[in-house]
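A closer look at the structure
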Amino acid sequence: DTEVTQTPKHLVMGMTNKKSLKCEQHMGHRAMYWYKQKAKKPPELMFVYSYEKLSINESVPSRFSPECPNSSLLNLHLHALQPEDSALYLCASSQDWTSGVLYYTEAFFGQGTRLTVV
Amino acid sequence: SQQGEEDPQALSIQEGENATMNCSYKTSINNLQWYRQNSGRGLVHLILIRSNEREKHSGRLRVTLDTSKKSSSLLITASRAADTASYFCATDAGWNFGNEKLTFGTGTRLTIIP
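If you're wondering where the values come from, they're calculated on a predicted model, not measured in any experiment.

Glancing now at the nonpolar core. Grouped together as the largest cluster of nonpolar side chains are 23 residues, with contacts concentrated most on W34, F64, L76 and L78 of chain A. For this core, the elements supplying multiple residues, two or more each, are β2 (10–13), β3 (18–25), β4 (31–37), β5 (44–50), β7 (64–70), β8 (73–79), β9 (87–94) and β13 (113–117) of chain A. When neighbours within four sequence positions are excluded, F64 of chain A is seen to be in contact with M46, F47, L76, H77, L78, L81, D85 and Y89 of chain A. With 22 residues, the next largest nonpolar core counts I13, I29, I47 and I112 of chain B among its residues.

Time to look at the sheet that holds β7 of chain A. All names here are of chain A. Pairing is antiparallel across the open sheet formed by 4 strands, whose spatial order is β1-β3-β8-β7. What marks the edges here is a single partner per strand, and that holds for β1 (4–7) and β7. Taking the axes of each pair of neighbouring strands and ignoring which way they run, one obtains an average angle of 20° across the sheet. With 7 bridges joining them, β3 and β8 adopt antiparallel strand pairing.

What the rule picks out here adds up to 7 salt bridges over all chains. Salt-bridge contacts for R63 of chain A lead to D85 of chain A; the nearest nitrogen and oxygen are separated by 2.7 Å. Here D85 of chain A lies in the loop between β8 and β9 and R63 of chain A lies in the loop between β6 (53–57) and β7, a separation of 22 residues in the sequence. R63 of chain A sits in the partly exposed class, given a relative accessible area of 23%. Taking the relative accessible area as the measure of exposure, D85 of chain A reaches 2% and is therefore buried. Measuring nitrogen to oxygen at the nearest pair gives 2.9 Å for the salt bridge that ties R60 of chain B to D83 of chain B. Taken as a pair, R60 of chain B in the loop between β6 (55–58) and β7 (61–66) and D83 of chain B in the loop between β8 (71–76) and β9 (85–92) lie far apart in primary sequence, 23 residues in all. For D83 of chain B, a relative accessible area of 7% translates into the label buried. Among the charged side chains, a salt-bridge network with shared partners connects K36, R63 and D85 of chain A.

How each quantity is defined
- Residues numbered from 1 in each chain as written.
- Chains lettered and ligands numbered in written order.
- Predicted model: local features only at pLDDT ≥ 70, side-chain atom pairs only at ≥ 80, totals over all residues.
- Heavy atoms only, no water.
- Core = buried A, V, L, I, M, F, W, Y, C linked by side-chain atoms within 4.5 Å.
- Buried < 20%, exposed > 50% of the residue type's maximum accessible area, 1.4 Å probe, protein only.
- Helix = DSSP H or I, 4+ residues; strand = E, 2+ residues; numbered from the N terminus.
- Contact = heavy atoms within 4.5 Å.
- Pairing = 2+ DSSP bridges.
- Axes fitted to C-alpha atoms, helices over the stretch in contact; angles between N-to-C directions.
- Salt bridge = Lys/Arg side-chain N within 4 Å of Asp/Glu carboxyl O.

Here is the structure:
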């Protein structure tokens, strides 16, 4: 299974709502990522979890709250978002360490959640 | 901030022709990768080239890397309509805790005309 599954595929939420995006992988990858992508722009890194620990937060506003409950799951909790937060949110995973050796392989991406904030 | 600038921003060619797109980056890298993204969907990994490699092939893809010029190129030979997509280069500067960062270039939008 080489899939990263994201749910939901589409989400419309009001500025006062609380919602969560979910991401799941069963490839044994120990690094998981959230990216944000605006139309016709490249993905921008938001958060990285490595071995279930938050290793990178790219100065993301606190209205975005990541969570990694276990090595297969990654959530992004959303609260009090702004219309400019509307974007495609991509989850990805990659193998981080192999046999104690620092190693990097390609990132596997989910299909994304298209978020619209109204 | 984006590490890579891609050139051209958009490219239209006839089916069967070769497509070349270029990526330039600013700081030292460990690996450089190329990804494809079909309209509004997830990214698919195409090929990875390490900083000590100069050229790599995978099927109809050929990637070159010139670390002295901080640039890479992706060549797609014998293009097909299914190659229509956006192509991004992505770089990392090494891989340890707190530095598991893949930074994407601005992308090239490739259109193959049947």
